[in-house]
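Inside the fold
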Amino acid sequence: SQTIHQWPATLVQPVGSPLSLECTVEGTSNPNLYWYRQAAGRGLQLLFYSVGIGQISSEVPQNLSASRPQDRQFILSSKKLLLSDSGFYLCAWSVRPGPYEQYFGPGTRLTVT
Amino acid sequence: EDKVVQSPLSLVVHEGDTVTLNCSYEVTNFRSLLWYKQEKKAPTFLFMLTSSGIEKKSGRLSSILDKKELFSILNITATQTGDSAIYLCAFGNQGGKLIFGQGTELSVKP
């Protein structure tokens, strides 16, 4: 069966510091991968998605970036965090491209102080 | 701009009650509508609907889509405290992305 991992689970970082969040998927090949941010426990905002290694699409212009160095690894980064980057970051995968079910990881709660 | 609106935003019921959660959408290129349940952390997938009028059911949960009136409902019968969660709906567009509503926070009291 497929499993999705995210780490760290929680993170407190000062403004201006760098960020690296990691997501890995097990049990499937060539998944579509997604990064979402959820503010205040509400709707999810799509940040990035990837259909393959090195292929990243950005949905929202901001100081975050994403990379996919391996088939089942997806990384969210920032060079300098802002207070507004605080939130709950969720990684998700889907087995096929398109408007179909996505499966979410446990999330990382980021607090920028 | 594509939009998904859920109502109510929050709801408090007692165990045994039946609840109906609403999701309406104003979107172009509709392809699917999905429901998720989110407790503490990761949203878990409940249903995906693509055709009008066909009910999907899983235990005490059921959902139906009306593509003419542009809405979907999620019903939960005989609610239990374990049903307490945020329920998210999302629409899938032709580009393959999911656009989420703001969620309904359901609290089931014993």
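The model shown is predicted, which means the values in this text are computed figures rather than measured ones.

1. Notes on the layout of surface pockets
All names here are of chain B.
- For the largest pocket, the calculated volume is near 270 Å³.
- Along the walls of the largest pocket sit 15 residues, with Gln38, Glu39, Lys40, Ala85 and Ile86 positioned nearest its centre.
- Taken together, the residues of the lining of the largest pocket sort by class into four nonpolar, seven polar and four charged.

2. Side note on the nonpolar core
- Ranked by internal contacts, the top residues of the largest apolar core, which has 22 residues, are Tyr25, Phe30, Leu33, Trp35, Tyr87 and Leu106 of chain B.
- Among the elements of the structure, strand E3 (19-26), strand E4 (30-38), strand E5 (43-49), strand E7 (61-66), strand E8 (71-76), strand E9 (85-93) and strand E11 (104-109) of chain B are those that each provide at least two residues to this core.
- Those residues in contact with Leu106 of chain B that sit more than four places away from it in its chain are Leu11, Val13, Val19, Ile76, Asp83, Ser84, Ala85 and Tyr87 of chain B.
- Judged by nonpolar contacts, the second largest core, of 20 residues, contains Phe48, Leu81, Cys91 and Leu110 of chain A.

3. Quick look at the packing of aromatic side chains
- As enumerated under the stated definition, the model contains 13 aromatic pairs over all chains in all.
- Judged by centre distance (6.4 Å) and plane angle (25°), the rings of Tyr34 of chain A and Tyr49 of chain A are stacked. Taken together, the residues span a long stretch of sequence, with Tyr34 of chain A in strand E4 (residues 32-38) and Tyr49 of chain A in strand E5 (residues 44-52) at a distance of 15 residues.
- Overall, Tyr49 of chain A belongs to the buried group, its relative accessible area being 19%.
- For the ring pair Tyr36 of chain B and Phe45 of chain B, a centre distance of 5.8 Å and an interplane angle of 70° mean the geometry is edge-to-face.
- Ring-pair connections join several aromatic residues into one group, and the members of that group are Tyr34, Tyr36, Tyr49, Trp93, Tyr103 and Phe104 of chain A together with Tyr36, Phe45 and Phe100 of chain B.
- Above the plane of the ring of Phe88 of chain A lies Arg109 of chain A, whose end atom (NZ or CZ) is 4.4 Å from the centre.

4. Comments concerning the interface of chain B and chain A
- In this complex, chain B contributes 24 residues to the contact, which on the side of chain A involves 22 residues.
- When chain B packs against chain A, the two sides together hide about 1,700 Å² of surface, and 60% of this comes from carbon and sulfur.
- It is Lys97, Leu98 and Phe100 of chain B that lose the most area in chain B upon contact with chain A, and together they represent 26% of the buried surface on that side.
- Where chain B touches chain A, the interface holds one salt bridge.
- Along the contact surface separating chain B from chain A lie four residue pairs in polar contact (both at pLDDT 80 or more).
- Of all elements in the fold, only E4, E5, E9, strand E10 (98-100) and E11 of chain B reach the threshold of two or more residues within the side of chain B that touches chain A.
- For the side of chain B that touches chain A, the element with the most residues is E4 of chain B, which contributes five residues.
- Residues of the side of chain B that touches chain A, tallied by class, amount to eleven nonpolar, nine polar and four charged.

Thresholds, definitions, all that
- Residues numbered from 1 in each chain as written.
- Chains lettered and ligands numbered in written order.
- Predicted model: local features only at pLDDT ≥ 70, side-chain atom pairs only at ≥ 80, totals over all residues.
- Heavy atoms only, no water.
- 1 Å grid on protein atoms, 1.4 Å probe; cavity = no way out; pocket = protein on both sides within 12 Å on 5 of 7 lines; lining within 4 Å.
- Points joined across faces, edges and corners; volume = space filled by probe spheres on them.
- Nonpolar A, V, L, I, M, F, W, Y, C, P; charged D, E, K, R; others polar.
- Core = buried A, V, L, I, M, F, W, Y, C linked by side-chain atoms within 4.5 Å.
- Buried < 20%, exposed > 50% of the residue type's maximum accessible area, 1.4 Å probe, protein only.
- Helix = DSSP H or I, 4+ residues; strand = E, 2+ residues; numbered from the N terminus.
- Contact = heavy atoms within 4.5 Å.
- Phe/Tyr/Trp six-rings, centres within 6.5 Å; stacked < 30°, edge-to-face > 60°.
- Lys NZ or Arg CZ within 6 Å of the ring centre and 35° of its normal.
- Buried area = accessible area lost by both parts, 1.4 Å probe.
- Salt bridge = Lys/Arg side-chain N within 4 Å of Asp/Glu carboxyl O.
- Polar contact = N/O pair within 3.5 Å; in protein donor to acceptor, adjacent residues only side chain to side chain.

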